[in-house]
Amino acid sequence: MAVLETVNGWVNDFVWGVPVLLLILGTGIFYTIRLGFLQFCHPGLLFKETIVKAFKKTNSPERKPGEVTSFQAAMTSVGAIVGSGNIAGVSTALVLGGPGALVWMIFAALVGMATKFAEIALGIRYREIYKDGTVGGGAMCYLAKGLKQHWLGILFAALVIPYAFVISAVVDTNTIALTLNDRYSLPLWVTGLVLAILAAAVIFGGVKRIGRASEIIAPFMGGMYILTGLAVVFLHLPQVPAALWTILKGAFEPQAVTGGAVGSIFVCMRYGIARGIYSNEAGLGTAAMVHCGAQVDHPVEQAVWGPVEVFLDTVLVCTVTALTVVLSGLLNTTDLDGAVLTMRAFEAMLPGSIGGIVCTASVVLFGFSCLISFYTYAERAAVYIFGEKSRIVVKLLWVAMIVVGSQTTLGFAWDLADTINGLMIIPNLVGLILLSGEVVKLKNEYFGRRLSVHQ
């Protein structure tokens, strides 16, 4: 185990070194410019084409290609990204990178909105619709078909499978189990068993059942968490300016606000960007695997959800977590970390036991939504490599790993997740850059038509 941790540490340092951080930010900036700053220039259109459109009744009898509605695909994606990364991951980033990590998290998210737009557009453009109506797709498809590099598609899919199992079946399950054990002394194995049964009931129903479950869970859990965070802000409004200054100063002078615990701005950037990408998945290539199943006619019809998802996940939900932790004064004054730190912060900032109850409920709902959404990643990647018969194998392994994950130590799991994240990012971002001309063409086609309608 020690050798494995050493090797993982070496690879982790490489994939999250300066070159890869520059590649992540550079790709986001590159696409932001190439797409005409769409996330900043057209927020109204993005909102109308996503949130508003989702609640409008459509009378079109024509069935569009795909497995789930546009909204169900988006909520499955939101269910995957709004998870442990928003609660446990943000707290971990603040502990290891200082409060300023939030600034770099948000900066990477703002430019990452354009990156995720591109990923979803290409995911729809190169998806495969099988004879039975099911859909296959993801970054592996646009890497293989768009770049005509089949081996690169296989490599990406091969990385997705352990990524999905580690990030969700292990990390999310363990986060839920530890939280319930800390608050209610519930045995870890009991939580693991219950989660395995509930997840099996959903994933054995296929992608359509996952979509139906996600469109119910995701909006409810996200709204509840954001409203609770707003309550913290309003109840402690006089302390908010000082907390914001601590966060902003910590982004550029981490030593000053952490008492030397965080030694450099690079460490602060590294943890902020890494945890941010773990949370919103912009640049990872996985968004295309969920969105490719959407029933849409044009790739950009679904791609507009990309910037909205990143905004909801990082700019809103992650900021709620970070601001609550900083306001609580518990950061770097205790040995607490992860979800437990976030839960204690909410308990300290809200009257009675409201904060702890809401945070615990959020951990469970966020984590469970990830368990069913991340399964889609593992299934699509396995089918891409091994074919249709692999579906049942992945289902059985997924359910079994949930039970195992409830008993696992998180430290190495987080490090391994970071490493696989980095390894997936490199081929995906290179592919996105090389296929940028196609993304710009698709964006101009759709936006030209929709802007003329809204004017």
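Residues numbered from 1 in each chain as written. Predicted model: local features only at pLDDT ≥ 70, side-chain atom pairs only at ≥ 80, totals over all residues. Heavy atoms only, no water.

Take the side chain of Arg 270 next. Note on placement: Arg 270 falls in helix H14 (residues 265-280). With sequence-adjacent residues up to four places away left out, Arg 270 is seen in contact with Asn 12, Trp 16, Leu 21 and Asp 418. (Helix = DSSP H or I, 4+ residues; strand = E, 2+ residues; numbered from the N terminus. Contact = heavy atoms within 4.5 Å.)

With their axes 8 Å apart at the nearest point, helix H10 (residues 188-203) and helix H20 (residues 390-405) run at an angle of 160° to one another. Relative to H20, the element H10 lies roughly antiparallel. H20 is crossed by H10, and the crossing has right-handed handedness. In this structure, H10 uses Gly 192, Leu 193, Leu 195, Ala 196, Ala 199, Ala 200 and Ile 203 to contact H20, whose residues at the interface are Lys 395, Trp 398, Val 399, Ile 402 and Val 403. For the contact of H10 with H20, the per-class residue count stands at 10 nonpolar, 1 polar and 1 charged. (Axes fitted to C-alpha atoms, helices over the stretch in contact; angles between N-to-C directions. Parallel < 35°, antiparallel > 145°, perpendicular 65-115°, else oblique. Left-handed = near helix turned anticlockwise from the far one by under 90°. Nonpolar A, V, L, I, M, F, W, Y, C, P; charged D, E, K, R; others polar.)

Turning to the nonpolar core, a few remarks are in order. Counting residues in hydrophobic clusters, the biggest one holds 141 residues, and the most contacted among them are Phe 117, Tyr 142, Ile 273, Phe 374, Tyr 377 and Trp 398. By residue number, the principal contributor to this core is helix H9 (residues 150-184), which donates 15 residues. Those residues within four positions of Trp 398 in sequence are excluded, and the remaining contacts are Ala 164, Phe 165, Ser 168, Ala 169, Ile 203, Leu 371, Phe 374, Tyr 375 and Ala 378. Counting residues in each nonpolar core, the second largest holds 6 residues, with Ile 124, Val 207, Ala 294 and Val 296 among its members. (Core = buried A, V, L, I, M, F, W, Y, C linked by side-chain atoms within 4.5 Å. Buried < 20%, exposed > 50% of the residue type's maximum accessible area, 1.4 Å probe, protein only.)

Peptide bonds are, in most cases, trans, and in most cases residues other than glycine have a negative phi. Phi angles above zero are rare outside glycine, and Phe 37 is one such case at about 55°. You can see Phe 37 is positioned in the loop between helix H2 (18-34) and helix H3 (38-41). A positive phi angle, close to 60°, is found at Ser 185, a residue other than glycine. Relative to the elements of secondary structure, Ser 185 occurs in the loop between H9 and H10. Judged by its relative accessible area of 58%, Ser 185 falls in the exposed class.

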